[in-house]
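Topology and contacts: notes
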Amino acid sequence: MKLATWNVNSINARLENVLDWFREAQPDVACLQEIKCVDEKFPAEPFESMGYNVVVHGQKTYNGVAMLSKYPLDDVRRGLPDGEGDDHARYIEALVLAPQPVRVGGIYLPNGNPIGTEKFDYKLRWMGRLHRHAQDLLAFEEPLALMGDYNVIPEPEDADKPEGWLGDALFQPQSREAFRALKYLGLTDAYMEMDGRPGGYTFWDYQAGAWQRNHGIRIDHVLLSPQAADKLRGIEIHKDVRDREKPSDHVPVMVELDL
DNA sequence: ATGGTAGACCTTCTA
């Protein structure tokens, strides 16, 4: 089974680009982030024509997440627990009813910039909520994938120019520590498990020729429960997608599980 | 040291 995550930076601005990639890559399940539209504006029809079930947790202008699956979806959750007072659409979860079911959480973790503001506090609080929810899900001892745009650069090797990110929320000690704490619950970082070489970037800024200079960072992650990690066959970062017409600033990351 | 791009949308915010 192929599971993908991709921050598309507006599904409607990116539709042709995204459909092209779906036709080529044929993911069984895909988590999309930053769809930047309300549920009713999500272009579900072309995906349904390709055989996908579509669930959306949208929001006007900002954020918004969706999950598309060739298998039926059950147990759909929109938003993390303890969400009172949080109006950002950043989490969607479902049980994918494949022959061997797998629970999938699609994550758009807050960016948190600039540091020293409420936005950074919100990032850390959101990571705390994700941590507690992951703890609850891991207790099921079932195949689980928590995948998406984590907006965290875990290690200096995950940035082409780490010194340029020292003042950024994505590379703060607290952000990195919270990401490590999440992994230490017993989750496996699929990229580190299967490859782990420096340079597996998933994001290049639109500005200052970051793509042309390969000033990238690895911030889109796939974290697997032990029962899913045992079935991990491979991971691919679809870097070529960044070179196409009207690209997102993120590229798709796809894992294959023997499920 | 600075500025550079993209998307949504009401002119500025978020990334």
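Residues numbered from 1 in each chain as written. Chains lettered and ligands numbered in written order. Predicted model: local features only at pLDDT ≥ 70, side-chain atom pairs only at ≥ 80, totals over all residues. Heavy atoms only, no water.

Overview of empty space enclosed by the protein
All told, the structure shown has 2 cavities of 30 Å³ or more when counted by the stated rule. Size it by volume and the largest cavity reaches roughly 40 Å³. For the largest cavity, the full set of lining residues is D189, Y191, G200, T202, R218, D220, H221, V222, I235, I237 and V253. Broken down by secondary-structure element, the contributors of at least two residues to the lining of the largest cavity are β12 (220–224) and β13 (232–237). (1 Å grid on protein atoms, 1.4 Å probe; cavity = no way out; pocket = protein on both sides within 12 Å on 5 of 7 lines; lining within 4 Å. Points joined across faces, edges and corners; volume = space filled by probe spheres on them. Helix = DSSP H or I, 4+ residues; strand = E, 2+ residues; numbered from the N terminus.)

Some remarks on the state of the cysteines
Scanning all chains against the criterion turns up 0 disulfides. Unpaired in this structure, C31 has its nearest cysteine sulfur neighbour in C37, at a distance of 16 Å. (Disulfide = S-S within 2.5 Å.)

Here we look at the sheet that holds β12
Backbone-to-backbone hydrogen bonds pair the strands of a sheet. The strands run either parallel or antiparallel. A sheet is described by the order of its strands in space; here 6 strands give the open sequence β5-β6-β7-β8-β12-β9, paired in mixed fashion. Whereas interior strands pair on both sides, the edge strands pair on one side only; in this sheet they are β5 (73–78) and β9 (188–189). Lying over the sheet, helix α3 (residues 118–138) contacts β5, β6 (91–96), β7 (102–108) and β8 (144–149), oriented at roughly 10° with respect to β6. Across the sheet, helix α4 (residues 173–183) touches β9 and β12, and the angle it forms with β12 is around 25°. (Pairing = 2+ DSSP bridges. Contact = heavy atoms within 4.5 Å. Axes fitted to C-alpha atoms, helices over the stretch in contact; angles between N-to-C directions.)

Notes on the side chain of S69
Looking at the secondary structure, you find S69 in strand β4 (residues 65–69). Classification of S69 by relative accessible area gives buried; the value is 0%. From its side chain, S69 meets the backbone oxygen of Y71 in a polar contact 2.7 Å long. Leaving out residues up to four positions away in the same chain, S69 has contacts with D28, V29, G51, Y52, N53 and V96. (Buried < 20%, exposed > 50% of the residue type's maximum accessible area, 1.4 Å probe, protein only. Polar contact = N/O pair within 3.5 Å; in protein donor to acceptor, adjacent residues only side chain to side chain.)

Here we look at the protein's contact with DNA strand B
By nearness alone, 16 residues border DNA strand B, and S10, R14, R90, K119 and Q207 come closest of all. Restricting attention to atoms of DNA strand B within 4 Å of the protein, one finds that 65% of them are sugar or phosphate atoms. Contact between DNA strand B and Q207: a base nitrogen at 3.3 Å from a side-chain N or O atom of the residue. Measuring from a phosphate oxygen of DNA strand B, one finds a side-chain N or O atom of K246 at 3.4 Å. (Near = heavy atom within 4 Å.)

Concerning the pattern of salt bridges
Side chains carrying opposite charge are able to pair once their charged atoms draw close together. Under the criterion given, the structure shown has 13 salt bridges. For the salt bridge of R23 with D20, the shortest nitrogen-to-oxygen distance reads 2.9 Å. With a gap of 3 residues between them, R23 and D20 both fall in helix α1 (residues 15–25), about one helical turn apart. What makes D20 partly exposed here is its relative accessible area of 34%. (Salt bridge = Lys/Arg side-chain N within 4 Å of Asp/Glu carboxyl O.)

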